[in-house]
Amino acid sequence: MTYMYEYPEYLKIKLPKKISRRFPAYELYLYGEGNYAEENKNLILTGIPVLFLPGNAGSYKQVRSLGSIALRKAEDIDFKYHFNFFTVNFNEELVALYGGSLQRQTRFVHECIKVILKLYKDQEFAPSSVAIVGHSMGGLVARALLTLKNFKPEFINLLITQATPHVAPVMPLDKYLTDFYTAVNNHWILKAQDVRNLTTLSVAGGFRDYQVRSGLAFLPRLSQHSRALFVVSSAVPRTWASTDHLSIVWCKELILATIRAFFDLIDETTKQITEDPKKRMLVLNHHFVRHPAKFFEEDPETLTELKGTLIWMKIKSSKWTYTVYNESDGKYFMFPLSNHRKTYSHVHCQNSMLDTSSWIYGCLNSSSSMCLEGFDLSWKAELLPTVKVVTLKLQEYPSLSDLVVYVPAINGNKFTLDCEFFKEDSRTVQLPVTHLFSFGLSSSKIVLHSTGLIYNVQLQHFGQIYQAFKIYIESHCQPHKGRKTSVYRLHIPWSHEDSITVSKVPSFTEISAKLHIAQPENDSTVAVLNIYSSSDCQYEVTIKTSFSQVLGQVIRFHGGSLPVYVISNMLLAYGGQLSTLISTGHCSDFVLALARAAKPYKVDPLVNVVKFLLGFNWFKDIWNVLFLPELDAVLLNKQDMWFPLVSLILFLFGTGIAYWGGILFSSSLRLLSSLWLSLTRPSGLPKDSKLMTPRRAFIAILLVFVSCTTCGAFAILIIYLHYMFKVIKLHSNVRIEQNVLNMDPKHSKETSDNSNKETVKNCDSAETITEAAAASPTTNTAIDNVVNSLKIHVTIINLLTWIVLLSLPSLIYWFKNLRYNIRLDPDPCRTMAIILVSTLGILMNSSTTKVKSSKLSKIAAQLPLPLSVAVVAFGPMHLYRVPYFVICSLLLHVLCCIV
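Residues numbered from 1 in each chain as written. Predicted model: local features only at pLDDT ≥ 70, side-chain atom pairs only at ≥ 80, totals over all residues. Heavy atoms only, no water.

Draft legend 1. Here's a closer look at the packing of aromatic side chains. Tallying each qualifying case throughout the model produces 37 aromatic pairs. Arranged with centres 6.3 Å apart and planes meeting at 45°, the rings of phenylalanine 83 and phenylalanine 85 form a pair that is tilted. For the pair phenylalanine 83 and phenylalanine 85, a shared accessibility class is recorded, and that class is buried. On the basis of an interplanar angle of 85° and a centroid distance of 5.7 Å, the ring pair of tryptophan 618 and phenylalanine 619 is categorised as edge-to-face. By relative accessible area, tryptophan 618 is classed as exposed at 51%. Accessibility expressed as a relative area gives 15% for phenylalanine 619, which makes it buried. Taken together through their ring pairs, the aromatic side chains of Trp320, Tyr322, Phe333, Phe335, Tyr344 and Phe421 make up a single cluster. Here the guanidinium or amino end of lysine 73 rests over the ring plane of phenylalanine 263, the centre of that ring lying 5.9 Å away. Looking at lysine 271, its charged tip hangs above the ring of phenylalanine 125, at a distance of 5.5 Å from the centre. (Phe/Tyr/Trp six-rings, centres within 6.5 Å; stacked < 30°, edge-to-face > 60°. Buried < 20%, exposed > 50% of the residue type's maximum accessible area, 1.4 Å probe, protein only. Lys NZ or Arg CZ within 6 Å of the ring centre and 35° of its normal.)

See below:
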């Protein structure tokens, strides 16, 4: 974690009154500490402007990690260069769940950039652009700047995003959110000329980020725009760790890499971030992709003069190890390449001294004993946690006569140098991964018998996101004191998502192997497990499928669509209840109806058939003529996220959630009805009454007015609570009647007069009423109707619960911003609220008597099945569509009560 040496201060920048009136909830601040903060209070700034944009529910104070470390770095170089970190206060808005304010935030950031640049207008080295660091949704807002009509693309030349979901929203809960994504991504594809001078780096958190999976942070390299870089934090040199969604902002190793990159990006002439896009990409690759354990140089001098006065030693063996401790004089070790070229294809060297000096060279022409000039091959090296390594293919360096390794004079430090020549075939082995349905019962194993410094284990057929494996590496070594550790790297060549594990030897190490991004169709590369080993150890590698992690991958990539499958199951149960009501005259409980009706073969095959038919042009033309939206399964397939069993797994998960949710709701209902009985006197079973009365019409009109003038989700919550209250009262009255019917039927009339005064005990549920009612034929029909109505109302409440949950983010957003505006604008739930209020106002007073005798009853019972299919077909990537399918079913139920 990063920390501050001095107390952080946030200087509020006074914005023009016009901007403040347009955006009353937003503010702009300048970060500072100690003397630096005092000096900048008059806003005479001379540094390089960087703007930090917080994400979903993020605080403007999250800039302090970047600002503090940048300040310490500037102090180290006596403020030759320094950065001014600005930050925006978005009032911690929930923009990941409510998209209505994203466009407003984008416009405010545009105004902030213009204000920031005006602060430097009288300076000698005035900037013409601002670098932006965006966390989470802040990165998407930064990208959206280019979609504004009056925005000048030259205002930003560098964009770094942290855990930003660029591809799609995590939870597509409203149309404004998905439309915003579509507009931003289409603009970056169709108008790539606007981003040709913009360098973008997207850093993802890896598997510890449970809020934004790393695949969503991927920025594809477009043919017109190759200045976009995507990397997972576990692959970033000198970080090598996964971060959660918040810690990516303050992870010290990652922030250090970011600040080092910022300072290397400075142009000494302009004292601002360089305008050269090629240099920007070189710097970002140096710090975030492949670090050679050297300070960045744009054009490093490859030809270096070597000191002939030092000790020169010639090494002819193919394998060499040298341990350095208290070396008084520097040494050069020469490896003649002429003999090795005939036998070996590669040379590999490791150095455990993790300094930034050059240590390996290649000679063009050498004398028999020394080399006076050499090419610095240290730039070909790569930094790992415990060593820096270099692997050279001899065929690519035909002009080199010798390889030279330099050992400097040191005191008190101990390190080891290793070099070996080898054939690539002898160190590359293929290990086929186990099948998905092996469930971890079978495994693939390989034993590496040779004792070398590096092995490359190619993991065959590993390229899909639903694959997940456990890799076990067991090392067998000879006893040796002070043995160095082994480094295992899982290298994914089609994306920068490597993971590194350091292990002592001998040891037994477990590594998880799973992907953030699936292998592209036109990519023939293979995932590789690199083993940087001890030279006298043997390794045994075993791989087996981890079924629990396979399920974890399904949830990671498709967990956001679980509400779709829960509601699909509930609609099937709802249709099953109506069918049994019409056929038998009795309605089953929600949980029982769910167990009978919720079958995946009713839903999945139809979706897969439609998906298959959409592959034919004639069917696609018919689909377009009907103005039907694109199937969500097709969209998921385009993102390499779909496979045949994913829908089945999610459907089963949805069944389980709906089942246990139904049991939990039934238990809660019994508890609340008991509480209600202890507080009030029950009024008896309701009699058939009018569906709409002046009082009920007034309440409905009032709630419609509330949804239009305040927030639609607020009106939905009120009508939901009102409906819940009516169901609790109905359940209480049913329990009273149950108690009455459990007594002697002859005295039921007398006991009913006194039942209000007795405590109700040992009442389990409304379903036992039917049995008790058989003893009293005179009340049988009335009680049956009430019990049936109660069961239908319970199912409707279960459906409404999910509608309320899906609309909750806009309600929270409205409530947090109530002091600025009483009306939520835009409101994604307003139309839905108006329909729901009108529908539920009638439905909560309905009974099953009219439904059974309605002409539309059979249609009402059959409609939930196609609607449950439609939910799965069109809902996973557009959750805001799901409530409307539920409303369609409820509307037909209302018509059954009328017609």
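Draft legend 2. Layout of the sheet that holds strand β26 (residues 486–491). Reading across from one edge, β22-β24-β29-β26-β27 is the order of the 5 strands in this open sheet, with mixed pairing throughout. Both edges of this open sheet fall to β22 (428–432) and β27 (499–503), since each of them pairs with a single strand only. Across the sheet, the axes of successive neighbouring strands diverge by a mean angle of 20°, strand direction being ignored. (Pairing = 2+ DSSP bridges. Helix = DSSP H or I, 4+ residues; strand = E, 2+ residues; numbered from the N terminus. Axes fitted to C-alpha atoms, helices over the stretch in contact; angles between N-to-C directions.)

Draft legend 3. Representation of empty space enclosed by the protein within the structure. Applying the stated criterion across every chain yields a total of 6 cavities of 30 Å³ or more. Residue lining of the largest cavity: Arg696, Ile699, Ala700, Leu703, Ile719, His722, Gly841, Met844 and Asn845, and that is the complete set. Secondary structure elements with two or more residues in the lining of the largest cavity: α18 (694–709) and α19 (712–741). Of all the elements, α18 adds the most residues to the lining of the largest cavity, at 4 residues. (1 Å grid on protein atoms, 1.4 Å probe; cavity = no way out; pocket = protein on both sides within 12 Å on 5 of 7 lines; lining within 4 Å. Points joined across faces, edges and corners; volume = space filled by probe spheres on them.)

Draft legend 4. Spatial organisation of the packing of helix α12 (residues 562–584) against helix α17 (residues 646–679). Contact pair α12 / α17: the axes reach a minimum separation of 8 Å and the direction vectors enclose 65°. In this view, α12 runs roughly perpendicular relative to α17, as classed from their interaxial angle. Where α12 crosses over α17, the two elements pack in a sense that is right-handed. In this structure, α12 uses Leu562, Tyr565, Val566, Ser568, Asn569, Met570 and Leu572 to contact α17, whose residues at the interface are Ser647, Leu650, Phe651, Phe653, Gly654, Thr655, Ile657 and Ala658. (Parallel < 35°, antiparallel > 145°, perpendicular 65-115°, else oblique. Left-handed = near helix turned anticlockwise from the far one by under 90°. Contact = heavy atoms within 4.5 Å.)

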